[in-house]
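# Observations on chain architecture
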Amino acid sequence: MRYFFAIAFLFCSLTFVHAQYQIGDKVDDFSLKSTDGDYVSMSDYKGAEGYIIIFTCNHCPYAIAYEDRIIELHNEMESKGFPVIAINPNDPEAQPDDSFEKMKERAEEKGFPFKYVLDEGQEVYPKFGAERTPHVFLVDKNRVLQYIGAIDDNYKSEEAVEKQYVRDAIQAIKAGEKPRPNTTKAIGCTIKTS
Amino acid sequence: MKEKFLVLTLILSFLGSTFAQEANDLKVFDFEELQEYLPGDENQLVILNFWATWCKPCVKEMPYFQELSEKYASDESVLVILVSLDMESQLESRLIPFMKKHKLHPDVVVLDDPDANRWIDRVDPSWSGAIPATLFYKGDRRKFFQQSFHSVKELETIIQTF
């Protein structure tokens, strides 16, 4: 019996360390409260071809630099079956500017056309392995992770963008191909925990 | 009255020009320029801290890098360089005032290279791009940390390993 616990414990700790999704993994659905007041899950989007899950927030200058582009991305891609779901992964205790109330204000000010939800209890972002804001996870209709990374290759200027990573990845998925690249990096703010 | 006004104008324009001078003096690099700028002396340990004024945990750990830089000021064996990722539009409004307010001792350079996917792995493949992040290198030896530091002692312990 003692061995069983020892093994179970070992197994749990190993799973904990390796719990982050990798490209090709099926991701769990979630149910998170949105600024509209309802709870949002991927399964709510009937007929979706995939989901653009973006860990983002109010306070981070890089997240702010991408706000308008995230709005455009949703407006363009929702009708093609790929809605944006924006998840704020920060603990409001550690970053008061990212409180649920402030999220509601921001969503209203900017007129976010997509769902903006709070990772209350911070249980979702560690599973995805999100490390910064903004950080994109693109999953297909079977909820298989296809792309992780940046929205495009220039945070500073939309006009100067040469590679539209997320749009290109969606195009690849629609064509039945694997996105290339399937992982990119960008500078961002650390996710805030208490 | 006229004279007073003239003096005031002179003082103001003088202040204005010193300020502009400081903004011009700030070293703003793309990644290749930064690489060229960095010292590569085999006997010197270089500590590169990637930070920004808007990054709370970066600002919190700044005093430790400050203290370290002051401690090794006369000793060339350790050099601290602060690589700011503040946005170009915020250099005058945020970075320069921050540098003045805190009398930052280490050398500050701005890395302005928006296609970060191109260079993040070249700093270290384990870096996700989140800041703060710190690279220690001496000759070919290097150690990278994507984390915050909580004391000078913590930094000194790493220095000892080189």
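Residues numbered from 1 in each chain as written. Chains lettered and ligands numbered in written order. Predicted model: local features only at pLDDT ≥ 70, side-chain atom pairs only at ≥ 80, totals over all residues.

A separate point is the overall build of chain A. Within chain A one finds five helices and nine strands. The secondary structure elements of chain A, listed N-terminal to C-terminal, are α-β-β-β-α-β-α-β-α-β-β-β-α-β. Its C-alpha atoms give chain A a radius of gyration of 17 Å, within 12% of the compact-globule value 16 Å for 194 residues. Along the three orthogonal principal directions, the C-alpha set of chain A runs to about 60 × 40 × 35 Å. Residue pairs in contact within chain A that sit at least 24 positions apart in sequence constitute 74% of those at least 6 positions apart. (Helix = DSSP H or I, 4+ residues; strand = E, 2+ residues; numbered from the N terminus. Rg over C-alpha atoms; globule rule 2.2 N^0.38 Å. Contact = placed C-beta atoms within 7 Å.)

Attention shifts here to the pairing of strand 8 (residues 145–149) of chain A. Residues and elements named next belong to chain A. Burial analysis of strand 8 places five of its five residues in the buried class, which makes it a mostly covered element. As defined by bridge partners, strand 7 (residues 135–140) adjoins strand 8 across four bridges and the pair is classed as antiparallel. Bridge pairing in strand 8 links Phe137 to Ile148. Hairpin geometry of strand 7 and strand 8 is characterised by an intervening segment of four residues between the two adjacent antiparallel strands and by a positive phi of about 60 degrees at Arg143. (Buried ≥ 20, exposed ≤ 12 C-beta atoms within 10 Å, placed from the backbone. Pairing = 2+ DSSP bridges.)

Listed by partner, the interface residues are 15 residues for chain A and 15 residues for chain B. At three residues, strand 9 (residues 188–190) of chain A tops the list of elements feeding residues into the side of chain A that touches chain B. In terms of residue class, the side of chain A that touches chain B is built from six nonpolar, four polar and five charged. Sheet topology places strand 9 of chain A next to strand 5 (residues 130–131) of chain B; two bridges connect them, and they run parallel. Pairing of Cys189(A) across the sheet is with Ile131(B), part of strand 5 of chain B. (Nonpolar A, V, L, I, M, F, W, Y, C, P; charged D, E, K, R; others polar.)

Should the pLDDT be low somewhere, the predicted coordinates at that spot are not to be read in detail. Summary statistics for chain A give a mean pLDDT of 92 and a share of 91% for residues scoring 70 or more. In the predicted structure, residues 9–17 of chain A sits below a pLDDT of 50 and forms zero contacts with residues beyond four places in sequence or in another chain. (pLDDT = per-residue confidence, 0-100.)

Residues and elements named next belong to chain B. Of the pairings in the sheet, the one linking strand 1 (residues 27–29) to strand 4 (residues 107–111) comprises three bridges and is parallel in character. Paired with Lys27 across the bridge in strand 4 is Val109. With four bridges connecting them, strand 3 (residues 78–84) and strand 4 associate as parallel partners. Within strand 4, the residue paired with Val83 across the bridge is Val109. Between the parallel elements strand 3 and strand 4, the chain passes through helix 4 (residues 91–101) in a crossover that is right-handed. (Right-handed = clockwise from strand over helix to strand, strands pointing away.)

Ile52(A), Ile85(A), Leu138(A), Val166(A) and Ile131(B) are the most contacted members of the largest nonpolar core, which totals 81 residues. By residue number, the principal contributor to this core is strand 3 of chain B, which donates six residues. If sequence neighbours within four positions are ignored, Ile85(A) has contacts with Val40(A), Tyr51(A), Ile53(A), Phe114(A), Lys115(A) and Val117(A). (Core = buried A, V, L, I, M, F, W, Y, C linked by C-beta atoms within 7 Å.)

What follows is about the sheet that holds strand 2 (residues 45–51) of chain B. All names here are of chain B. The strand order across the open sheet built from six strands is 1-4-3-2-6-7, with neighbouring strands paired in mixed fashion. The sheet is open, and its two edges are formed by strand 1 and strand 7 (141–145), each paired on a single side. Between one strand axis and the next, the sheet turns through 25 degrees on average, direction left out of account. Where helix 3 (residues 56–71) meets the sheet, its contacts fall on strand 2 and strand 3, and the angle it forms with strand 3 comes to roughly 150 degrees. (Axes fitted to C-alpha atoms, helices over the stretch in contact; angles between N-to-C directions.)

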